[in-house]
Every structure is written in C-alpha cells, then in structure tokens.
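Take a look at the letters that make up each chain.
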Amino acid sequence: MKHAWRLLLLLAACDDALDQRLANITDTRVLAVISEPAEAKPKAMVTLSALVVGPDGPIATPPAWAFCIAPKPPTEDNVVVPGCLDDSQIVDLGSAATVTGALPKDGCLLFGPDTPPGGFRPRGADETGGFYQPVRAEIAGQFAFGLPRITCDLPNSPAQAATDYRTMYKANANPTLLPLALTDAATGATVSPDAIPAGADVTLTAAWPAEAAERYVSYDPGPQVVVPRREAMRVSWFATAGSLPVDATAIAEDDLATSATTTWHAPTTRGAAFLWLVLRDSRGGIATQQLAVTVE
Amino acid sequence: MRGWTAVALVCAAAASARAEVVRGRVVDRTTRAPVGGAVIPVGGELAATDDDGGFGLELPPGRHELVVTADFLAPLTRAIVVRAGQALDVTLEVDAATDATGEHIEITGTAPSAPGSTHVDAAFARILPGGGDAAKIVQSLPAVARPSAGSTDIVVWGAAPSETRVFVDGVPVPALYHVGGYRSALGNDLIGDIRLTPAAFGVDRGGAIGGVIDIGLGDPGVAPAWRAQADVLDGSAEGRTRIGALVIAAAVRQSWLDQAIGVVRDPRKLAPNAPLPRWTDAQVVARAELAPRLVLTAWALGSLDALERTLASDDPATQTDENTRQRFVRAQATLRRERDTGDDRVTVWGGADRNTDAFHFGLVPANLATTKYVGGLRAAQADRLSDELALAIGLDLDGEQAHLARLGSLTIPAREGDLHIFGQPPGDDVNADTWRATTIDAAGHVALDGHAGPVTATLGARVDGWLLGASRVLPHIGTNPAFGSQQILVTADPRGSVQVRLSDEVVVRADAGRYHQARDGSDTSAVFGTPGLGLEQAWHAITGAQWRRGVGALEGAVYARSLSDLVVRDLAVTPPLGKVLTQNGSGSVVGVQVTARLVGWHGLSGWLSYNLSRSRRTDDPTAPTRFFDHDQTHGLIAVAGWERGPWSVGTRVRYATGEPRSAVIGVLFDSQSGRYQPIPGPLNGIRLPAFFAADLRGERRLGLGAGVRAAVYLEVQNLTNRRNAEELIYSADFARQGYLTSLPLLAIAGLRIER
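Note that the structure is predicted; figures quoted are calculated from it, not measured.

**Focus: the overall build of chain A**
Point 1. Each helix and strand counted, chain A has 3 helices and 21 strands in total.
Point 2. In terms of overall dimensions, chain A is globule-like: its C-alpha atoms have a radius of gyration of 21 Å, near the 19 Å expected for 296 residues.
Point 3. When its C-alpha atoms are laid out on the principal axes, chain A stretches across 65 × 50 × 40 Å.
Point 4. Split into buried and exposed, the 296 residues of chain A put 55% on the buried side.
Point 5. Of the contacts made within chain A by residues no fewer than 6 positions apart, 64% connect residues no fewer than 24 positions apart.
Point 6. Of the roughly 11,800 Å² of accessible surface on chain A, a fraction of 54% belongs to carbon and sulfur atoms.
Point 7. Separation between the mean location of the 21 positive side-chain charges and that of the 32 negative ones in chain A comes to 7 Å.

**Description of the overall build of chain B**
Point 1. Helix and strand counts for chain B come out as 5 helices and 42 strands.
Point 2. The C-alpha radius of gyration of chain B comes to 26 Å, within 12% of the 27 Å expected for a compact globule of 755 residues.
Point 3. Along the first, second and third principal axes, the C-alpha atoms of chain B reach 85 × 60 × 45 Å.
Point 4. Out of the 755 residues in chain B, the part that is buried amounts to 58%.
Point 5. Taking contacts inside chain B between residues at least 6 apart in sequence as the whole, the part at least 24 apart equals 65%.
Point 6. Working note: accessible area of chain B is about 27,000 Å², and carbon and sulfur atoms make up 61% of it.

**Digging into the interface of chain B and chain A**
Point 1. Taken together, the contact between chain B and chain A spans 91 residues of the former and 72 residues of the latter.
Point 2. Regarding the contact of chain B and chain A, the summed buried area is about 6,900 Å², with carbon and sulfur atoms giving 58% of it.
Point 3. Counting every contact that joins chain B to chain A gives 1 salt bridge.
Point 4. For the salt bridge of Asp428 of chain B with Lys72 of chain A, the shortest nitrogen-to-oxygen distance reads 3.7 Å.
Point 5. Listing elements by their share of the side of chain B that touches chain A, those giving two or more residues are strand S18 (294–311), strand S19 (320–339), strand S20 (342–361), strand S23 (431–452), strand S35 (664–670), strand S36 (675–680), strand S40 (725–730) and strand S41 (737–742) of chain B.

**So, the confidence of the model for chain B**
Point 1. Across chain B, the average pLDDT comes to 88, with 92% of residues at or above 70.
Point 2. In this model residues 98–112 of chain B is a low-confidence stretch, pLDDT under 50, and it forms 70 contacts with partners more than four residues away in sequence or in other chains.

**What to know about the sheet that holds strand S10 (residues 135–139) of chain A**
Point 1. Taken in spatial order, the 6 strands line up as S7(A)-S6(A)-S10(A)-S11(A)-S35(B)-S36(B) in an open sheet, and their pairing is mixed. With one partner strand each, in any of the chains shown, strand S7 (90–95) of chain A together with S36 of chain B form the two edges of the open sheet. Across the sheet, the mean angle from the axis of one strand to that of its neighbour is 30°, orientation sign disregarded.
Point 2. Judged from the 5 bridges that link them, strand S6 (residues 64–68) of chain A and S7 of chain A form a sheet pairing that is antiparallel. Across the sheet, Ala66 of chain A pairs through a bridge with Asp92 of chain A, a residue of S7 of chain A.

**Focus: the pairing of strand S28 (residues 552–569) of chain B**
All names here are of chain B.
Point 1. With 13 bridges joining them, strand S27 (residues 535–549) and S28 adopt antiparallel strand pairing. Directly across from Gln537, in S28, lies its bridge partner Ser564.
Point 2. For S28 and strand S29 (residues 581–601), the ladder comprises 15 bridges, and the chain directions are antiparallel. Bridge pairing in S29 links Ala560 to Val590.

**Some points on the pattern of salt bridges**
Point 1. If you walk through the whole model with that rule in mind, you get 53 salt bridges over all chains.
Point 2. Two residues, Glu127 of chain A and Arg229 of chain A, come together in a salt bridge whose shortest N-O distance is 2.9 Å. Of this pair, Glu127 of chain A sits in the loop between helix H2 (107–110) and strand S9 (131–132) while Arg229 of chain A is found in strand S16 (residues 225–230), placing the two residues 102 residues apart along the sequence.
Point 3. The class of Glu127 of chain A is partly exposed, set by a relative accessible area of 26%.
Point 4. Classification of Arg229 of chain A by relative accessible area gives buried; the value is 13%.
Point 5. Measuring nitrogen to oxygen at the nearest pair gives 3.0 Å for the salt bridge that ties Arg253 of chain B to Asp281 of chain B. One end of the pair, Arg253 of chain B, is in strand S16 (residues 246–255); the other, Asp281 of chain B, is in strand S17 (residues 278–291), and 28 residues separate them in sequence. No difference in accessibility class separates Arg253 of chain B from Asp281 of chain B, as the two residues are buried.

**Side note on empty space enclosed by the protein**
Point 1. Going through the model one piece at a time under the given rule, you end up with 11 cavities of 30 Å³ or more.
Point 2. Each pocket or cavity is described by its volume, and for the second largest cavity that value is around 260 Å³.
Point 3. Looking at the lining of the second largest cavity residue by residue, the classes come out as 8 nonpolar, 3 polar and 7 charged.

**So, the domain arrangement of chain B**
Point 1. For chain B, the assigned domains read domain 1 (1–107) and domain 2 (215–754).
Point 2. Look at where the C-alpha atoms of domain 1 of chain B and domain 2 of chain B centre, and you get two points 33 Å apart.

**Looking at the packing of aromatic side chains**
Residues and elements named next belong to chain B.
Point 1. Summed over all chains, the structure comprises 9 aromatic pairs over all chains.
Point 2. Aromatic pair Tyr182 and Trp279: ring centres 5.7 Å apart, planes at 20°, arrangement stacked. Of this pair, Tyr182 sits in the loop between strand S11 (171–173) and strand S12 (191–197) while Trp279 sits in strand S17; the two residues are 97 residues apart in sequence, bridging distant segments of the chain. By the burial criterion, Tyr182 is buried, and Trp279 matches it.
Point 3. Residue placement shows Arg616 over the ring face of Phe627; its charged tip is 4.6 Å from the ring centre.
Point 4. Taking the ring centre of Phe627 as reference, the NZ or CZ of Arg687 above it sits at 4.7 Å.

**Let's talk about the state of the cysteines**
Residue and element names in this part refer to chain A.
Point 1. Evaluation of the coordinates by the stated rule reveals 2 disulfides over all chains.
Point 2. There is a disulfide in this structure between Cys68 and Cys84, and the S-S distance comes to 1.9 Å. Across the S-S bond of Cys68 and Cys84 the torsion is about -60°, and the bridge reads as left-handed. Placement of the pair is Cys68 in strand S6 and Cys84 in the loop between S6 and S7, with a sequence separation of 16 residues. Of the two residues examined, Cys68 and Cys84, each falls in the buried class.
Point 3. Residue Cys108 pairs covalently with Cys152 via a disulfide, S to S 2.0 Å. Its S-S torsion of about -90° marks the bond between Cys108 and Cys152 as left-handed, since a negative value means left-handed. Pair noted here: Cys108 is in helix H2 and Cys152 is in the loop between strand S12 (149–150) and helix H3 (159–168), with a separation of 44 residues, a long-range link.
Point 4. Exposure remark for Cys108: the relative accessible area of 8% places this residue in the buried category.
Point 5. Assigning the bonded cysteines of chain A consecutive numbers by sequence position, one obtains the connectivity 1-2, 3-4.

**A short note on H3 of chain A**
All names here are of chain A.
Point 1. Buried within H3 we find Ala161, Ala162 and Tyr165. Seen from one end, H3 has its buried residues packed into an arc of 100°, which puts them on one side. Set apart from the buried face of H3 by more than 90 degrees, the exposed residues are Ala159, Gln160 and Thr167.

**Looking at the nonpolar core**
Point 1. Grouped together as the largest cluster of nonpolar side chains are 59 residues, with contacts concentrated most on Leu176, Leu186, Ile191 and Ile215 of chain B.
Point 2. Core analysis: the second largest hydrophobic core is formed by 42 residues, Ala40 and Val80 of chain A together with Leu688 and Phe734 of chain B among them.

**A look at the pairing of S17 of chain B**
All names here are of chain B.
Point 1. The pairing of S16 with S17 spans 9 bridges and is antiparallel. Bridge pairing in S17 links Ala251 to Gln283.
Point 2. Relative to S18, S17 runs antiparallel, the two being bridged by 13 bridges. Considered in S18, the bridge of Ala288 is made with Leu296.

**Here's the deal with unusual backbone geometry**
Point 1. With an omega of 0°, the peptide bond running from Glu36 of chain A to Pro37 of chain A counts as cis.
Point 2. Along the chain, Pro37 of chain A turns up in the loop between strand S2 (29–36) and strand S3 (39–40).
Point 3. Look at the link from Ile412 of chain B to Pro413 of chain B: it is a cis peptide, with omega at 5°.
Point 4. In this structure, Pro413 of chain B sits in the loop between strand S22 (389–408) and S23.
Point 5. A positive phi angle is found at Gln224 of chain A, which is not glycine, with a value near 60°.

**Side note on a nonpolar patch on the surface**
Residue and element names in this part refer to chain B.
Point 1. On the surface, a nonpolar cluster with roughly 460 Å² of combined accessible area is contributed by Trp547, Leu554, Val558, Val592, Val594 and Leu612.
Point 2. At the level of secondary structure, the elements contributing two or more residues to the nonpolar patch comprise S28 and S29.
Point 3. As for its placement among the helices and strands, Leu612 is situated in strand S30 (residues 604–618).

Basis of the calculations
Residues numbered from 1 in each chain as written. Chains lettered and ligands numbered in written order. Predicted model: local features only at pLDDT ≥ 70, side-chain atom pairs only at ≥ 80, totals over all residues. Heavy atoms only, no water. Helix = DSSP H or I, 4+ residues; strand = E, 2+ residues; numbered from the N terminus. Rg over C-alpha atoms; globule rule 2.2 N^0.38 Å. Buried < 20%, exposed > 50% of the residue type's maximum accessible area, 1.4 Å probe, protein only. Contact = heavy atoms within 4.5 Å. Areas by Shrake-Rupley, 256 points an atom, 1.4 Å probe, with all protein chains shown as cover. Lys, Arg positive; Asp, Glu negative; His and termini not counted. Charge placed at Lys NZ, Arg CZ, Asp CG, Glu CD. Buried area = accessible area lost by both parts, 1.4 Å probe. Salt bridge = Lys/Arg side-chain N within 4 Å of Asp/Glu carboxyl O. pLDDT = per-residue confidence, 0-100. Pairing = 2+ DSSP bridges. Axes fitted to C-alpha atoms, helices over the stretch in contact; angles between N-to-C directions. 1 Å grid on protein atoms, 1.4 Å probe; cavity = no way out; pocket = protein on both sides within 12 Å on 5 of 7 lines; lining within 4 Å. Points joined across faces, edges and corners; volume = space filled by probe spheres on them. Nonpolar A, V, L, I, M, F, W, Y, C, P; charged D, E, K, R; others polar. Domains from an automatic or database assignment. Phe/Tyr/Trp six-rings, centres within 6.5 Å; stacked < 30°, edge-to-face > 60°. Lys NZ or Arg CZ within 6 Å of the ring centre and 35° of its normal. Disulfide = S-S within 2.5 Å. Arc of directions from axis to C-beta. Core = buried A, V, L, I, M, F, W, Y, C linked by side-chain atoms within 4.5 Å. Patch = residues over 30% accessible without salt bridge, like charges linked within 9 Å, V, L, I, M, F, W, Y side chains within 5 Å.

This is the structure in structure tokens:
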C-alpha cells in the first residue's frame, strides 16, 4: 500500500503552525460558487455567481467565468484535472458578477456516466449519486470551481432501477437560509448586530426551512436498487474578526434538525466585522448569507 | 578456521553434500562466564571447549544433537539444524552439576550465504532494539529500506512490499507485523531464526518478484519450560511440555498499549495521529521423533488485529474514521526423513485470512472486506549423487480462494505510483462490487549443484503452472448471469549461481534468475480492477565478493532487478469496461551494497552496511519514468549486539535518504466541499528530508534460584531526539508546507521471567 492513506497510521506529531482555520478571513477568498438552479440537464441554462470576500468585507471584483471541458479520469482525486486551469480546455463565459450560460451538451459524456461506443467504463457517481459540470471562476489569479449537478441517466443498472430512478428522481434545488440569529451565549438574549459587546461570546444560529433538506432517491451500487434518502446539510462559518471554534457544522441525513449553531467570540476591539454563512446540501446546492456587525 | 571462510558462501544444495562449520561457545547460564573443559561429541566428531568456552565442529547439513558433558556440568543435549551454505554460531548455556533445572540453548549467528543475504538467529535479534521482538530485526537488516514510522511495509532492494513474500517454515503468511508495526504478527517466543534473501533466491521459493523472508520456528524442545514477559506494549506467555516422544510448546501474546496509554493520558491528546491498535497472536509448535531420523513437526499460528479511531477535524467534511480488522491463521505439518545421502520432506499446510477495512473520508467511504482460504503442499528431496554433484527436486502447490467485497472510491486504497498529496481527499466517485478470485500455482523445481576445484555452480529451474480465475469479467448488473475469467499459464524460470573460491578467504559469486508472481486477487474486480490480470515478472542478477577472516567478514554486492508486466492503473480518461488496471508497468532497480560483519568477537556481533540504490518505475510505455515510491538512494545501518556475563546490549544507528514525494505547485478551491485541493507537480519529483536515528537496548539477567531466571530490559528509541520527517503536510489552503514528524525520544522498560 502506498503512503497516502497508510500514513494516517503514523506515530507522529503535527506542526501546529499549519493548523490553519479557514473560518478566519484573513485574505481574499472565494467562499462559494453558486449555480441557479443547482441541478439541470446538459444544455439547460444556469446562472452562476460567487461569494468573494476579504478581511474588509465582500469584494465586488467580477470573476472570469468558464465551463471546463477537460474530462476527469477515474484516477483523479481532485474535482477537476489540471487541464481545467488551461484556457484551451474551457468554454469562456466572460467576466461579470453573475453570468448565465448553457451547460455543455456533452456534460454527461465528459463528466457523467455516458461513454463513447465500444465498451468503456462509466464514471462512478458521488456518494449521493451525482455527476457535476465544473465551472471555473478566476479572481486575482485564484481558481475556484463550482459544480452544478447535471442530470444524467443511470449507468449499467438493472432496468427496474433505471426506471425507478427516472420516474422518482427530483433535481436538486439550492437550499435557503433563514436570517442569522445572534444571541448571548450566556443568557440567551438576542444580540443586536449593531451593538455587540467587545469580547462577548455570541451564539450564531443558522436555520433553514425543513424542505431545504430535500428528499430524493439515489442509486445504491451495492444492492443495485434505488433508495430514498434525505440531504445532509453542512454550515460553514466565516468571520473577519474574532474567532470561531469550528470551520463547519454538519447535520447528517438522518438528523431532522433544521438549524446549526456555533459560538463566535467577538473581538476585544471595537470596529466593524463581517460574518458569513455558507449552507451546503449534500447534492451540491448552496445558500449564502452575509451579516455586517459592529463591535462596541 | 580458514576452511570455514570458503564454506560460508557455497551454494545451498552443493553445500548440502559437504560439511559446514559450527562454531560455538559454552557459558554458564546464570553468570555467562565461559566454561572450559567441556566435551561435545556429535556423531563421529568430538570437540572440547577451550578456556574461553569456544569450540568448533564440521557437520553435514541437517539436524544434529549437541551433547555437552563434563564432570561439573549437568549434561545438556540440544538439537541444532545445520543449513547448507550457512556457517553457524551457537551459544550453549549450561548449569552446574548440582543444578538440575531445565536446559536452554541460544544460537547466535549472522553469517551470510549469497551476496546480500543475511541469516540471523532469533536470540541475537532479541537483544537488538525492536522491543525484544525477534522478527523486528527484519527492518534492520542490510538490503531493507528504512520503514516509515508505523509502517508494516518491507521494502527490499527497491522492490514493493507486495513483491516480497514472507514464509514461516516454507508456508506463506500474509503479514509479518501487526497493524501499527509495533510487534511481529508471528509472535516472539517460538521464532528460531530469520533469513532474508533480497533477490535471486533459489528455485524452492516462488510467487515473489522481490525478495524472500524466511522465518524458522525453533525446536520446541529448546524452548524454556515457561516464560512470561511484559512491557508497556503487551504481555506474553510461553510454555513447553513433553508427552512421550512429543514435545509441544505454545505461546500467546496480548497487547495493552491502548489501555496503558489511556491510564496515563488521553491518547487523542498525547498523539492524535498515533495508531493504538489491539493485537493478539498465538502459536503452537509440536515435534515428535517417530523413528530414528524420521521427525514430524507441526505448528499452528494465528494473529488478530483491530484498530478503531477518528481523526477529528474542524470541518466534518475532512474528518477521517477508520475501523480495521485483520485476522489470519495458518497450520502446517511436516514429515522429514533423513538419509545418509540426503533428506526427504513433505509439508501440508492450510489457513484462512479475514480482513475488513472501513474508512470514511468525510462523506466518501472506502470499505474492503476480504476472506481468503489458502492451502498447499510442499515436497522436497535432496540427494548427494557423488562427491561433486548434488540434486534437489521439489513440488509446490499453493491455492487461494478469495471472496471480496468493496465499496467506495476507486483511488482508495492508493496504489504504488499514485499521484497523491497528503491531506488530499480521495476521489468522490463511489462504486461497489463483490467478487471471487482463484489463484492456484502448481510448481516443480529442480536444482543440480556441481563442484569442481574452486568452482561451484548451481543450475536450476522452476516450472509453474498457474490457474488464475475471477468470478466476473464485467460488472454485475441486476440478475445478468456472471461470466468469469479463467486462464492457465505456464512459466519456466531458470535460476542459478556460480561461485569461485579465489583463496581460503575470498570468494566471488554471481546469481541470476527469472521470477513470476500472480496478480493480487483484490485487483480482479470488474469494477475496481481487471479480472483478466496475469503474472508479473522480474529478472534478478547479483554479483558479489566476500572476504572473511576469523570472526569478521566484508562483503560487496552489485545487484540489478528488471520488472515487467507490473499491475498499474489505466490512466485513460475513460478506460475500457472492466479494465481499470493494466499490466503496462515496468521498473528497474540497480544498486551496490557493502556490508561488514562481525560474529562473536568477545561477545560482540553485528553489521555495518551501506546501500546505494536507484529504483525507478514506468506506469505506461508512453509515461515518463519516475522514482519508486519507497526509493531510498542512500541507506546506512549499523547494528551491534554485545553479550557479557549477565548483560546484553544492542544498538542500531540508521541513516537513510528521504522517500520521494510529489510537490504542490498550485491550488484550487472546490466550492462543493468548501475545501482547497492541491495541484501536484511531477510524480515523486521531490524527497522528504533524510532520516537519522539511534536506538539502544540493554538487558540484565538475574538468577532467582530453582532454575528461575529473570531479565529486566530498557529500550530507548531515537536517542538523539531528532524529529525525523515522516511526511509532507500542508495548511488547509496548501499554501504552507511542514512536516509530520516521528516521536521524540521514547523509552520502553519491561520484565521477562523464565525457567
């Protein structure tokens, strides 16, 4: 076995200097690339946008958009191959805060289970049964990839499962977020974002409607049947000041909770700060929210 | 002693027709003082110990009874096995005549046979750093690359771990070490000797294109009546009994490392990345002399490992859960008859392996469950045809039926040559398959040894008939019937050696041969592999010279290995259905090894070995050549064990070039997972920093009376407290790089009591 996963067994000590917390916004970063709708068939129109932030708040610089058409071999661990960084293997969509374009018509061949004639191996779906069309957003030399889900047929599946899937599957929709709630971690009292005490511990509660965690069917490659499932949810927390104990909070697909909380330790100095939430469902849907706060 | 110099390198079967030198020393069991004036008759030979307790004999290969007698000693009778081409050093521990306690023998020897080969007795191995575990010595032998911390991999002269095979008394076993690499999976108490042949091994071993490690279980008759040992890692107990002509010894070991650390501190805080597995192993060995020169031996051994842990993360998407179970059992029976002109041996063996590996990298699962039933038959006959000629013939039959179930990403488990960055999540595609794989190897082998003047030559051949089967050639779809794959292959592998004795002290020798091994059954999935995979092939060539004088020897070897038809991934964007692995891989290994050895000089034995090697692989004829994942250009190791009176001290000093890794040359952000992903540079284009470590082990033996002896030991690993880099690690955005380092200075103390 190669070192890659066996080394998880190391009797070893880590380098604390590398213990980077993505929740702390200290430089310009893309937090999310959002497709609307979250899932569509090839050739369908999608609208793309990005949440780009920096230590001083949101950044309005428009990204350069492109669909990647460099296919991914099954041996590739990344979501895209390095070829997607090459301008010769993209479909340019221009630069704008928001762009609209048609998903490449051969998406299910390049990134899905369709194969050319001649007996080739279909690509495997992800854990939720999905395939994705990479879309590139380039900002200041940084590459971020959004992954609109593309609706493709099931590969190499029993006829009954293929029929069930075709009739029962519902395309993914982006989740929605309810307004971020701020409460005093000690008392539970509501905290105004315009007057947060310096150094206070503030409970952040991200909530979403129950229907945001959609029910769907996916193909289980083991027993080769279509099974009902519910989306798992994950909230990523970000702040330009203060500190957060975790980068993200997960809600498993068997957990019916419709909210997640964490505690933001407000900075001890006065000033403005920004908080962001990125809510992801397990099929690739994304919702974001921004909150400007003032620490007094 | 000058004649012994030449004998040491005589090729195996030819040497079986001639006498081998057995040197020894008789010491008081309790005080370790030399015992002079003892008499040791063996057959027609008779030796007497000198003032230093030393003696020498020349004995033909085979089993012999050494009887140590003197007026002032309790008679001691002990069996030794003289192997062809192997000089042997023995230490006989005796008791005074008034002491009627049990008998004990320890055999120590480090004499080489073919260039690069090493034979070590378990008693010597136990005094060296390695936790007192005899088989741990394998990781410190010349020709063996420095293993990563916690690794159970054995890399021999640039061969991948899966290309080297481990045998116990000729029976293949799936693992030499328990999970985590702390201990041997074969136990400790009943191991007799360890032999490494890093390349160009003889016709009697097959199914490997790298090296061969032979573990010999000791004669149960020489085991202590009982023994108990405990330290922070585990505890073990051993016992021996005699029922008529039948001698049985049994041993069992149980780990408690996880509980011991838990008593002191929360293991997650002590070393979050450290594996704290649980292991158990047990062995039973029996021997009976059914008639004069007709001996039946049988043994059974089993090993169980379990590891459960979670590598927590600030983000659940990158949390890793691991649950591993590894179990195997082997049993064999061997009937051996000695004749005046040779010997005959028949072994029947069988066993089962059951492994389950369940990982979760965030949401991506990677599960593999394997059940294997294995068995075989080995028969061999050696005959001295004349004073100049010897003939050895044999038959090997190995069979394996594997049942496998796999779920998860194609890229987990990773393979040799995968382009991967530590911390990078696996591919998110998920698949599933269940399948069966059959592997049968029926082989016949013959070796003819000739001796004329200073020249000794061996010419041998091994002919294997392989039956390789897989239950499906295409992925399972609904109720479609399965069409399996079966192939019958025949290979004929020539192997041989030529040796010239230039003087009583200098011998030059060359060995070469061709080798084959079957694909792993786990690679024959129609979803995750290729059912029709066949055989991997290698050519080996070694040439070397050895100079020996007295207790010292200097040996040089130049080696080369050419590998072809290696199983590798198909890197195509869309590989053919049911064929994601190919046999387009190839490789080459070239190197030079220089080793100085010392055997029994004032109680000091050991070796100093330097290895310069380059191991490269090509994954496809159109792909660039790259470094082998475990390539180590420079390897220097010094091992010494010193015994004096009640004290023994062992030390190991090692330097090795860092292993190749792939650099991160860019980064991209994956919006779906919210994590960064590295863009790797050329495969294995950079290296980890060099490794250096010094370890020390000391033991003090005490006589407790009534034949009971105790020993306390202390082992200190990484004496210099150097933080060796074991892996490249990165910040979450892969912008900063650091090292995952091995543990600092670590001390382990323990106690052993035996009678």
